[in-house]
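Here are the chains, one letter per residue:
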Amino acid sequence: MPIRHLLASACLAALGGCAMPGPGNLQSTDLRVPVTSTAPGMRGQAAQLYVREVTPADAAKLPVVLFVHGAGTPAEVSFDSRLEDYSWMRQVARAGFDVYSVSLTGYGGSTRPVPMGEPCNIAKAQQAGYVAAPCAPTWQGPITTMSSDWNDIDAVVEHVRRVRGVERVSMVAWSQGGPRVTGYAALHPGKVDRIVVLAPAYNRTGIAREPSPLPAFPEGAMTVQSRRDFIANWDRQVGCPAQYDPAAATTIFDEMLESDPVGAKWGTGVRRAPSVPTWGFNKEAVAGVKAPYLMVTGIHDKQVPPERVRELYEDLGSPSKVLVDLGCSSHNAMWEKNRKVLFDATVDWLRHGKVNGLERGTVRMGY
């Protein structure tokens, strides 16, 4: 294990966290932020959220950015891979921002609700290879929800506002991070500055508010992803030569297993994630969102097809919004050949509220 991650593991033992020198005159600090959980799998209990900060080592007061992950891959892997030029967080920090990321309850280095330790709670269609024989789930409701994710995000935003003395925090997200940060911005518009989302998982006809009762998961409320699953899902989204580096993909999945030492021992090794029911990211909900908003869609994305991102652009209420149509890119654009285009567009938006001089409209990049 690289020394940086050995140090990170030691940091996690301390509630207050600790600072580590990073490459390129950056400082990386791993810490835990406490929250009283509202997740159904551990409602009312104390949870710890794994938060990573990357910032210029000699920084004065800087604008703050919070990265929020998607449905499966935790933030420390999604946004700060140890492959140096693959870290979205470090690219933004080098541009003069104080950058944080959070892995929400049930992901990565954050608290995992007890139901996630039971292989029978894996979705039945995925159980083969992880249980001796098909078994009924011990937990049939959601383990976490969109509302509990918003509660987690608010705990981190309040921590950052307090320690950094800022009023607003910009947000960068990926995939299901789209409803997470957009729904949060709708609830707390005074705390959010600008938003950037890659492959926002928009559903124009989805539900606007938390349902009662919550949806059931009779087939299991947890998903797993093996190395084979990870590569197969990526390969079906390749549409141009050398779109991604197979060696980099191997390292990234190794990092996923490092982020989930329990799942790493199941079968050939998996990363676990709760199945999170989504609300607050439909036509009605996004019409009221006014934060400046950059959305990016990879032309070869098969998980969140580009037409769904175009629908978000049409429905979003913000007067300042840009859609980047990114060539030679999939759902995993931050790990592919055009990642620098994505990173540069992110910095431009966070710094100026424009991409290629546009503060509203669609721009093709990376073709």
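Residues numbered from 1 in each chain as written. Predicted model: local features only at pLDDT ≥ 70, side-chain atom pairs only at ≥ 80, totals over all residues. Heavy atoms only, no water.

**Looking at unusual backbone geometry**
Working step 1: Residues Ser212 and Pro213 are joined by a peptide bond in cis, for which omega reads 5°.
Working step 2: As for its placement among the helices and strands, Pro213 is situated in the loop between β7 (192–198) and β8 (222–226).
Working step 3: A positive phi is found at Ser175, a non-glycine position, where the angle reads about 60°.
Working step 4: Counting through the fold element by element, Ser175 comes out in the loop between β6 (169–174) and α5 (177–187). (Helix = DSSP H or I, 4+ residues; strand = E, 2+ residues; numbered from the N terminus.)

**Quick notes on the packing of helix α6 (residues 227–235) against helix α7 (residues 246–259)**
Working step 1: As a packed pair, α6 and α7 sit with axes 10 Å apart at the nearest point and diverge in direction by 135°. Judged on the interaxial angle alone, α7 and α6 are oblique. Viewed along their axes, α6 and α7 form a crossing whose handedness is right-handed. Contacts between α6 and α7 involve Arg227, Phe230, Ile231 and Trp234 from the former and Ala249, Thr250, Ile252, Phe253, Asp254, Met256 and Leu257 from the latter. (Axes fitted to C-alpha atoms, helices over the stretch in contact; angles between N-to-C directions. Parallel < 35°, antiparallel > 145°, perpendicular 65-115°, else oblique. Left-handed = near helix turned anticlockwise from the far one by under 90°. Contact = heavy atoms within 4.5 Å.)

**Concerning the state of the cysteines**
Working step 1: One pass over the full model with this rule turns up 2 disulfides.
Working step 2: Disulfide pairing places Cys240 opposite Cys328 at an S-S distance of 1.6 Å. Of note, the bridge from Cys240 to Cys328 carries an S-S torsion of about 65° and is right-handed in sense. On the criterion of sequence distance, the pair formed by Cys240 in the loop between α6 and α7 and Cys328 in the loop between β11 (321–326) and α10 (339–352) is long-range, its members being 88 residues apart.
Working step 3: Cys240 sits in the buried class, given a relative accessible area of 17%.
Working step 4: The class of Cys328 is buried, set by a relative accessible area of 13%. (Disulfide = S-S within 2.5 Å. Buried < 20%, exposed > 50% of the residue type's maximum accessible area, 1.4 Å probe, protein only.)

**What to know about the pattern of salt bridges**
Working step 1: Taken as a whole and assessed by the stated rule, the structure comprises 22 salt bridges.
Working step 2: One salt bridge in this structure joins Asp30 and Arg52, with 2.9 Å as the shortest N-O distance. Placement of Asp30 in strand β2 (residues 26–36) and of Arg52 in strand β3 (residues 46–56) is noted, with a sequence separation of 22 residues between them. Each member of the pair, Asp30 together with Arg52, is buried.
Working step 3: Between Arg227 and Asp254 there is a salt bridge, with its nearest N and O atoms 2.7 Å apart. Of this pair, Arg227 sits in helix α6 while Asp254 is found in helix α7, placing the two residues 27 residues apart along the sequence.
Working step 4: A single network of salt bridges, built from pairs that share partners, joins Asp30, Arg52, Asp80, Glu84, Arg90 and Arg94. (Salt bridge = Lys/Arg side-chain N within 4 Å of Asp/Glu carboxyl O.)

**Digging into the environment of Pro113**
Working step 1: Looking at where Pro113 falls in the secondary structure, it is placed in the loop between β5 (98–103) and α4 (146–164).
Working step 2: Residues Pro113 and Arg43 lie 70 residues apart in sequence; the distance between their C-alpha atoms is 9.4 Å.
Working step 3: The residues contacting Pro113, other than those within four sequence positions of it, are Gly41, Met42, Thr105, Gly106 and Ile143.

Any functional reading would require information beyond the geometric quantities listed.
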